[in-house]
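# Examination of the molecular architecture
Given next are the chains, with one letter for each unit.
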Amino acid sequence: MSPNLDSAIKSQVPALLLRRLFGASRRDEAKQLQRTPAPAPVGRRRVFVQTETGCVLGMDLDRGDNAHTVKRRLQLALNVPTGETSLTFGDRILENDLSFIRPDSPLLLTRNSINRSCSTPCLCPVSKDFEHKDCSGLVEMLGCSSSCARVKRLVDDVVTAIRSGVDPVSISSGLGGSYYFRNVLGDRVAIVKPTDEEPFAPNNPKGFVGRALGQPGLKKSVRVGETGFREVAAFLLDHDNFANVPATALVKITHSIFNINCPVNGGNLAPAHDQQQQVNSKIASFQQFIAHDFDASDHGTSSFPVAAVHRIGILDIRIFNTDRHAGNVLVRKLNGGTGRFGCQTELFPIDHGMCLPENLEDPYFEWIHWAQASIPFSEEELEYIRNLDPTKDVQMLRRELPMIREACLRVLVLCTIFLKEAAAFGLCLAEIGEMMTREFRGMEEEPSQLEVVCMEARKRVAEWEPFSATAEHGEDTDFQFSMDVLGEYNDVMRSPRFSGPGSKGSSFRSPLSKLIESVDEGSDGHEDQIESDRVFYAGWNTPNNPSSSKPIGQNGIASKSAMNRSADEQLPSSMCFVRLSDMSADEWDVFLEKFKELLKEALHESARTAAGQRMKQRLGTSCKF
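About the criteria used
Residues numbered from 1 in each chain as written. Predicted model: local features only at pLDDT ≥ 70, side-chain atom pairs only at ≥ 80, totals over all residues. Heavy atoms only, no water. Axes fitted to C-alpha atoms, helices over the stretch in contact; angles between N-to-C directions. Helix = DSSP H or I, 4+ residues; strand = E, 2+ residues; numbered from the N terminus. Parallel < 35°, antiparallel > 145°, perpendicular 65-115°, else oblique. Left-handed = near helix turned anticlockwise from the far one by under 90°. Contact = heavy atoms within 4.5 Å. Nonpolar A, V, L, I, M, F, W, Y, C, P; charged D, E, K, R; others polar. Buried < 20%, exposed > 50% of the residue type's maximum accessible area, 1.4 Å probe, protein only. Polar contact = N/O pair within 3.5 Å; in protein donor to acceptor, adjacent residues only side chain to side chain. Pairing = 2+ DSSP bridges. Phe/Tyr/Trp six-rings, centres within 6.5 Å; stacked < 30°, edge-to-face > 60°. Lys NZ or Arg CZ within 6 Å of the ring centre and 35° of its normal.

### Section: the packing of helix α7 (residues 306-319) against helix α8 (residues 379-386)
Packed helices, taken two at a time, are described by the angle their axes make and the gap between the axes. Interhelical geometry of α7 versus α8 gives an angle of 20° and a closest axis separation of 11 Å. In this view, α7 runs roughly parallel relative to α8, as classed from their interaxial angle. The two elements α7 and α8 cross, and the hand of that crossing is right-handed. Judged by residue contacts, A307, H310, R311, I314 and R318 of α7 engage E380, E381, Y384 and I385 from α8. Residue composition of the contact of α7 with α8, by class: four nonpolar, one polar and four charged.

### Comments concerning the side chain of N183
Within the secondary structure, N183 sits in the loop between β8 (179-182) and β9 (188-194). N183 gets classed as buried once you look at its relative accessible area, which sits at 14%. A distance of 3.0 Å separates a polar atom in the side chain of N183 from the backbone nitrogen of L185. Those residues within four positions of N183 in sequence are excluded, and the remaining contacts are D157, A161, V166 and V189.

### What about the sheet that holds strand β12 (residues 294-295)?
Pairing within the open sheet is antiparallel, and its three strands lie in the order β12-β13-β14. The open sheet has two free edges, formed respectively by β12 and β14 (344-349), since each of these has just one partner strand. Looking at chain direction, strand β13 (residues 329-334) and β14 are connected through six bridges and run antiparallel. Across the sheet, residue L330 finds its bridge partner in β14, namely F348.

### Digging into unusual backbone geometry
Phi at D104 takes a positive value of approximately 65°, unusual for a residue other than glycine. Within the secondary structure, D104 sits in the loop between β4 (92-94) and β5 (106-111). Of note in the backbone geometry, F200 takes a positive phi value of approximately 75° without being a glycine. Structurally, F200 can be placed in the loop between β9 and α5 (227-237). By relative accessible area, F200 is classed as buried at 0%.

### Focus on the packing of aromatic side chains
Counted by the stated rule, this structure contains nine aromatic pairs. Each ring, one from F365 and one from W367, has its centre 4.7 Å from the other, and the planes form 10°; the classification is stacked. Here the two residues F365 and W367 agree in accessibility, since each one is buried. Ring centres of F591 and F595 lie 6.2 Å apart, and the angle between their planes is 20°; on these two criteria the pair is classed as stacked. Residue F591 and its partner F595 are both found in helix α17 (residues 585-610); the two are separated by four residues, about one turn of the helix. Residue F595 is classed as buried on the basis of its relative accessible area of 0%. In textbook terms, an aromatic cluster arises when at least three aromatic residues are bridged by ring pairs, as seen for Y179, F181 and F258. Looking at R92, its charged tip hangs above the ring of F100, at a distance of 4.4 Å from the centre. Sitting above the plane of the Y180 ring, R188 keeps its charged end 4.1 Å from the centroid.

Encoded structure:
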């Protein structure tokens, strides 16, 4: 569930009094206090407010400001309607108390009505005398207190280059808007991906539009406009640069090259050549550009170092990466080394916008096919896994990315615990990945072994005495996405079909039946930098989908007429076997205890099932014949 939408401080005292009346221990009270983040300073703070159509305004909050004053400033500055809207910060709906908002935080203004048309006219005329000019810098970093001297240096280089007349370059490949930003020498130093130009976002430059920021995107449990947060989270979770994730930060960045589909004031859209003269501010992920020779799909994987593959796999498991394909693993040759092809290679994982979903989905780990994944972990890798602390990781993300949703943090905790237990049990990387991957039988998905364990743990939580009364009344807490936002989201709970964690063997299903590669043949070889844009759903082209007759182009991408259709028509239904987001804090604690108990049983059962069986031959999509 979403955390308390009012002030955490106001609700903390009565909550603790109730817990004492019902016999809660001091240990429970301490845990409750730990869950409540420390209030941020209530002095003057600079924040960045973004509308659901992508417009961004930087403003300074005073001590007495509330959501109404923020909306009023936004209305005066951008001439946008603010009636029947909500100001949100991650899971929270902001009202009077803004004391916990940290400096440099991104806020989102969303409409409460079902009609979310981007072309809705603004009915609040504003005189130019009241317009507020955003006098912020060309690039401003959001938060990022501990991240990165490297990113700050890159930002300085980019700003110097822009002022010297060196403009960024738009990337033509992929489904989302992405840009190379350069230094004064013209060298590419950063990849910038605006949040409002993602696939299905309002200002997507490739025709894939139809949803507002905050609605479900390519993945039903990854919302439009929030992949940039995940890019930064992956970098922050890559402790000691263990997996070589490039330095990444969240920024507010201003330039005329950015795409705008919807005018700010509800007027007619200006021609493309006029749009280029407008200076547009965006919230975007800002990632260091990695010079590389090719990606993992362009070369045989035999020469890849075992340690490099293991480190990427360890990161992917922790963050539950749903889109690790060969195209988003960059490869750099190292001179003077030895290997099968006469050189050593270094790997750099990129494009982590589809990690940390709000619910368990079907992940995709292409390294599960590679021979390196079947080699046992080294002692150094096992030591790194043993030292992982999901509690500290959650605290760090709450501090650095306070807008990240609680459901995403729960996925991180669950997967880190699973990784630690499975590695300690002696499983290799491929075996761990297989336990997390769903099996596709006939026309249906079956839950993964990890999901089966979670389903059984949830069943035991419901049967646990303190929660049994609620379960008997059939109370079903509202899911994170409201029904008007989700449309026909297929949230299937299929636990009655499975009796325990040992009821299903390990399996792997290639997602090629759902995904199609979309590589722009005229690109310059850097399409691998696009966040999961090389892979796009073909799930709507199925017999069960009424839109299956949509024409498909030569590259496997829907034709222009199909691209302009509603995003809800283009996305396939997603299946959810188990929810993590609708549990209370106490239920979550009990769930984790039950999960750990059941996981040990599942690991032993999996070992017995696999005994005497040969490891399946794995054939990856990046293999060459």
